[in-house]
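Coordinate analysis (summary)
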Amino acid sequence: MHIAIIGNGITGVTAARNLRKRDPKARITIISGESDHHWSRPALMYVYMGHMTYQDTKPYEDRFWVKNRIDLVRGWVTSIDTEKKQLVLDGSRPMDWDKLLIATGSTPNRFGWPGQDLDGVSGMYSIQDLETLERRSPGLKSAAVVGGGLIGIELAEMLHSRGVHTTLLVRESAYWNGVLPNEEAEMVCQVIKAEGIDLRLNTELTEIVGDEHGSVCAVVDSNGDRIEAGFVGLTAGVRPNIQVCADSGIETGRGVLVDRQLRTNVPDVFAAGDCAEIERHDEQRNLIQAVWYTGRRQGEVVAENLLGASTEYHGGIWFNSAKFFDLEYQVYGDVNPRSIHTLDGEHESLLWVHESGRQSLRIVHIGGRVVGFNLMGIRFRHRVCEAWIHEHKTVDYVLQHLREAAFDPEFTRWHGADILAAMGGAS
Ligand SMILES: Cc1cc2nc3c(=O)[nH]c(=O)nc-3n(C[C@H](O)[C@H](O)[C@H](O)COP(=O)(O)OP(=O)(O)OC[C@H]3O[C@@H](n4cnc5c(N)ncnc54)[C@H](O)[C@@H]3O)c2cc1C
């Protein structure tokens, strides 16, 4: 049996590793147009900033793939024929498969801005994007980053680390306030400004301006301001990369549509990771999860199902973490600013902010039962927070046992009492 996997990101390689563990005989091929080997995408910024080399970002030695008899093929899949069970690489190289996994990840959003194809305009997703930025970097004085999400702020930090004057254009009234509650969003805004980034809120990109050589030189925003920029980073979110499914008969919506077993509508064709849209007939919205650990988990589940199991993927308790310059961020569970700030009558939250304005803890609860944690500048233990949410612990319980969650016991020694004082009475 030949199992072909399109994509060598965390989802594709996790699936391949688990397939090999379970089936010593199957022929396994991973295809990628981006790179010969799997590398850690979240480490992209550290390569540019000189903290790591590209080689350091590879979690497995190159010989690992040979030893485990996982074939690596470099090339872009340009079409899939589900009747013949064949795909085509780079428009001309056919490859037969018995089972197929689509793990093509995400692609940066582009909204048809004038000038978006100029030289020096790029998303920040792939090795090729990093190479574009590297090519532009010598002598680069100013840059604009469009979009205030996690990748946007990373790109701003990358540029800033090389002394490039950087303007960050954010459509919202505060950084990432569709995801962060107001106080935390404001905290990040303060950090961005303190780092010397020119943060412009409530504004949108309207045009990217090129010079006579077809190279970017400025952007214009919705206030009519012209901002000089020798590089423009387009980081206004990502969407599932479903291009490969065109004309294949594989159903797509926002992503590649799959059931909870990560099966598409076509027999023997599966999809997982960032590119997959899991249909949830019982709930309001289909599930698209575009983070590292969910890709890994889906890779494990889909490997079982490729070999005939019927294992279901369930999203589990949401977790994400990031760094906004030096400010660490963690979220567990349900911390949705829309429900918190609109006071939907269900979600309530308790907030502690350190007097420095650089640390905070928010506990979200429904009727006194904890459903989420949002942490800025401090870290809690994943397992503990997850268990508390899973077990529907009360706010009182959590506050009494807060120390168990502390990643750094130093922190609780100094702030545990303050948190209790700020939250204790209100629970
Ligand atoms: C800069 C950056 C920082 C991030 N930081 C974090 C973080 O800190 N924490 C976190 O949880 N998540 C982070 N993410 C998100 C995380 O990297 C993704 O969720 C994860 O990589 C998704 O894995 P995947 O395997 O589904 O897809 P991907 O990693 O996108 O891999 C898909 C692969 O498929 C290949 N491919 C696509 N189409 C084709 C085709 N037609 N033919 C051949 N190959 C194809 C692509 O080139 C790519 O190599 C970050 C993302 C970026 C861009």
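Structure first, text after, so check above.
Residues numbered from 1 in each chain as written. Predicted model: local features only at pLDDT ≥ 70, side-chain atom pairs only at ≥ 80, totals over all residues. Heavy atoms only, no water.

One finds Met158, Leu159, Tyr175, Val188 and Phe324 to be the most contacted residues of the largest nonpolar core, which totals 45 residues. The set of elements that each furnish at least two residues to this core consists of helix H2 (44-48), helix H4 (127-136), strand E10 (142-146), helix H5 (150-161), helix H6 (182-194), strand E21 (319-324), strand E22 (327-333) and strand E25 (369-376). When residues in this core are grouped by element, the largest group, six residues, is from H6. Other than its neighbours up to four places away in sequence, Val188 contacts Ile153, Tyr175, Leu180, Phe324, Leu327 and Met376. (Core = buried A, V, L, I, M, F, W, Y, C linked by side-chain atoms within 4.5 Å. Buried < 20%, exposed > 50% of the residue type's maximum accessible area, 1.4 Å probe, protein only. Helix = DSSP H or I, 4+ residues; strand = E, 2+ residues; numbered from the N terminus. Contact = heavy atoms within 4.5 Å.)

Taken together, the neighbourhood of the ligand is formed by 30 residues, with Thr11, Glu34, Val77, Tyr125 and Asp274 sitting nearest. One of the side-chain nitrogen or oxygen atoms of Thr11 is found 2.8 Å away from an oxygen atom of the ligand. Here Val291 contributes a backbone N or O atom positioned 3.3 Å from an oxygen atom of the ligand. Calculation on the ligand without its partners gives an accessible area of 990 Å², and the protein chains cover 90% of this total. (Near = heavy atom within 4 Å. Polar contact = N/O pair within 3.5 Å; in protein donor to acceptor, adjacent residues only side chain to side chain. Areas by Shrake-Rupley, 256 points an atom, 1.4 Å probe, with all protein chains shown as cover.)

Turning next to the packing of helix H1 (residues 10-22) against helix H7 (residues 292-306). The N-to-C vectors of H1 and H7 enclose an angle of 35°; their axes lie 7 Å apart at closest approach. Where H1 crosses over H7, the two elements pack in a sense that is right-handed. The segment H1 lies against H7, with Ile10, Thr11, Thr14, Ala15, Asn18, Leu19 and Arg22 engaging Trp292, Gly295, Arg296, Gly299, Glu300, Val302, Ala303, Glu304 and Leu306. Class assignment for the residues of the contact of H1 with H7 results in seven nonpolar, five polar and four charged. (Axes fitted to C-alpha atoms, helices over the stretch in contact; angles between N-to-C directions. Left-handed = near helix turned anticlockwise from the far one by under 90°. Nonpolar A, V, L, I, M, F, W, Y, C, P; charged D, E, K, R; others polar.)

We now examine the sheet that holds strand E12 (residues 198-200). Strands sit in the order E9-E16-E10-E11-E12 across an open sheet of five strands; the sheet is parallel. Lying at the two open borders of the sheet, with one neighbouring strand each, are strand E9 (121-122) and E12. In the sheet, E9 pairs with strand E16 (residues 231-234) via two bridges, with the strands oriented parallel. Bridge pairing in E16 places Ser122 opposite Gly233. The strands touched by H5 are E10, strand E11 (165-169) and E16; relative to E10, the strand with the most contacts, the crossing angle is about 170°. (Pairing = 2+ DSSP bridges.)

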